[in-house]
Amino acid sequence: QIQLLQDRMEPHFLYNSLNSIQSLIIKEDKRAIDSIQMLSDNYHYIMERSSQSLVPFFEEWNFTLNFIEFQKYRYRDKLQIKHTLDGNFQAVNLPPMTIQPIVENAIKFSVYEKQISIVAIKILNENGRILIEVVDNGVSCVLNGDIFSRSLGNIVKRLEYFYKNVLLEIINQDNEIKVKLSFKY
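Residues numbered from 1 in each chain as written. Predicted model: local features only at pLDDT ≥ 70, side-chain atom pairs only at ≥ 80, totals over all residues. Heavy atoms only, no water.

**Regarding helix 4 (residues 99-111)**
Taking 1.5 Å per residue as the helical rise, helix 4 with its 13 residues ought to reach 18 Å, and the 18 Å between its terminal C-alpha atoms agrees with that figure. Among the 13 residues that make up helix 4, 12 are buried, leaving the element largely enclosed by the rest of the structure. What helix 4 keeps buried is the set I99, Q100, P101, I102, V103, E104, N105, A106, I107, F109, S110 and V111. (Helix = DSSP H or I, 4+ residues; strand = E, 2+ residues; numbered from the N terminus. Expected span 1.5 Å × (residues − 1). Buried < 20%, exposed > 50% of the residue type's maximum accessible area, 1.4 Å probe, protein only.)

**Section: the sheet that holds strand 6 (residues 164-173)**
Reading across from one edge, 2-4-5-7-6 is the order of the five strands in this open sheet, with mixed pairing throughout. Unpaired on one side and paired on the other, strand 2 (79-86) and strand 6 mark the two borders of the sheet. Sheet twist, expressed as the mean angle between neighbouring strand axes with direction ignored, is 10°. Of the pairings in the sheet, the one linking strand 2 to strand 4 (residues 117-126) comprises eight bridges and is parallel in character. Across the sheet, residue Q80 finds its bridge partner in strand 4, namely I118. Strand contacts of helix 3 (residues 57-74): strand 2 and strand 4, with the helix running at about 165° to strand 2, the strand carrying the most contacts. (Pairing = 2+ DSSP bridges. Axes fitted to C-alpha atoms, helices over the stretch in contact; angles between N-to-C directions. Contact = heavy atoms within 4.5 Å.)

**Regarding the packing of helix 3 against helix 4**
Here helix 3 crosses helix 4 at 25°, and the two axes come no closer than 9 Å. Judged on the interaxial angle alone, helix 4 and helix 3 are roughly parallel. Remark: the crossing between helix 3 and helix 4 carries right-handed chirality. For the pair helix 3 and helix 4, the contacting residues are F57, E60, W61, F63, T64, F67, I68 and Q71 in the first and I99, Q100, V103, E104 and I107 in the second. Across the contact of helix 3 with helix 4, the residue classes tally to eight nonpolar, three polar and two charged. (Parallel < 35°, antiparallel > 145°, perpendicular 65-115°, else oblique. Left-handed = near helix turned anticlockwise from the far one by under 90°. Nonpolar A, V, L, I, M, F, W, Y, C, P; charged D, E, K, R; others polar.)

What follows is the structure in structure tokens.
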């Protein structure tokens, strides 16, 4: 069952990435070439790690950072991303594609709505409780009152296989969307 949930994440990522590259090919050759390399690096991670139940935190984080750089190429005049890590993550393992889809949703829902899309990522480790918080200035990612969109619900289910007290909260307030995911490891 966990493998089925992992498999659902792969095509979603690839289709969105290829759409980004297509728009760059039309606009700029150099950025298209760089973005193809980033896609290659990202997909290599997916192919190598998606069959694993858990990966080290920093492998997942580096995958997410590469994805962010890829998106900055596509939306360079429109996208601002800030990120902070606070705490020790050396002993933390995550299911692959835990952080990146949350960031991808934030970019997707903010970049189409705003002149300047702002995404802030904060990840904390406080006494063995991990908090992943992604805030954007876009429109709600909650459609028809369903708090568990396909990718967010998938992330929660995969985390629940390994960790306790998995909580997902989506807060819409003051022209921002905040996704808070936390769990005890």
